[in-house]
Amino acid sequence: MTQLALPLSFPPDGHSDEFVVSSSNARAAAGVERWSVWPVMTALLIGPRKSGRSTLARLFERRTGGGIIDDAERHGEAALFHAWNAAQAGKRPLLIVADEAPPGWVIGLPDLRSRLLASPVFVIAPPDAELMAALLARDFLRRGLDARPELVSWLAVQLERSHIARLRAVDALDQCVMETRKRLSIPRARATLAAAGLIAHPPQPPATHSGARNA
């Protein structure tokens, strides 16, 4: 069996085809790696956009010589049906990448629907705090931003657990640094992200009234 090598951390050069593994995506990565034990020669990889699903698919294609169909919902059903059949006939594994698996992904062609339902499904879950921290550190490194470990840890807890929220936060902080020419800090990040609606506004101290003090 051809093993799919999955790095557990990102390389320092920020290579585009890297897949950071944590508990939120380890089962999906392992399922893709063990293609030789799939019950059929086609599997579905399901996950939100920006989750690394396309990167994992490219790694699968490169290491196994298999085929991939990314954003499968945008392809014609007849083309997907023939690709599924060709994978079985040619004994060449095929990984289909989609937002959802059937029945969430509505398939009109009965023969395609039955084949996809017979295929194993590997799901990339929303990122956990460990993965959020690793990806934030990678994002800051790629942009040349000086983000201290305590800031990264704070962001991993404060942000919504989604890849879109992570990328929007990095964009906002990058813009903040360009505009202020100041190093990132937790107070500066808190103010920037609260203003952008990416975290809750910090609680304000209760107002004091001079009359109450003098009563």
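Residues numbered from 1 in each chain as written. Predicted model: local features only at pLDDT ≥ 70, side-chain atom pairs only at ≥ 80, totals over all residues. Heavy atoms only, no water.

Enquirer: Looking at this structure, I do not really get the sheet that holds strand β1 (residues 42-46). What am I missing?
Expert: Taken in spatial order, the 4 strands line up as β2-β3-β1-β4 in an open sheet, and their pairing is parallel. A strand with exactly one partner marks an edge of an open sheet, and here the two such strands are β2 (67-69) and β4 (121-123). Neighbour-to-neighbour, the strand axes of the sheet open up by a mean angle of 20 degrees, direction not taken into account. As paired elements, β2 and strand β3 (residues 94-98) share 3 bridges and run parallel to each other. Bridge assignment links Ile-68 to a residue of β3, and that residue is Leu-95. In this fold helix α1 (residues 26-33) packs onto β1, β3 and β4, with an angle of close to 145 degrees to the strand it touches most, β4. (Pairing = 2+ DSSP bridges. Helix = DSSP H or I, 4+ residues; strand = E, 2+ residues; numbered from the N terminus. Axes fitted to C-alpha atoms, helices over the stretch in contact; angles between N-to-C directions. Contact = heavy atoms within 4.5 Å.)

Enquirer: Please clarify how the pattern of salt bridges should be interpreted in this entry.
Expert: Pairing between side chains of opposite charge can happen when the charged atoms of each approach one another. In the structure shown here, the tally under the stated rule is 9 salt bridges. One salt bridge in this structure joins Arg-138 and Asp-139, with 3.7 Å as the shortest N-O distance. Pair check on accessibility: Arg-138 and Asp-139 agree, each one buried. Two residues, Arg-143 and Asp-174, come together in a salt bridge whose shortest N-O distance is 3.1 Å. (Salt bridge = Lys/Arg side-chain N within 4 Å of Asp/Glu carboxyl O. Buried < 20%, exposed > 50% of the residue type's maximum accessible area, 1.4 Å probe, protein only.)

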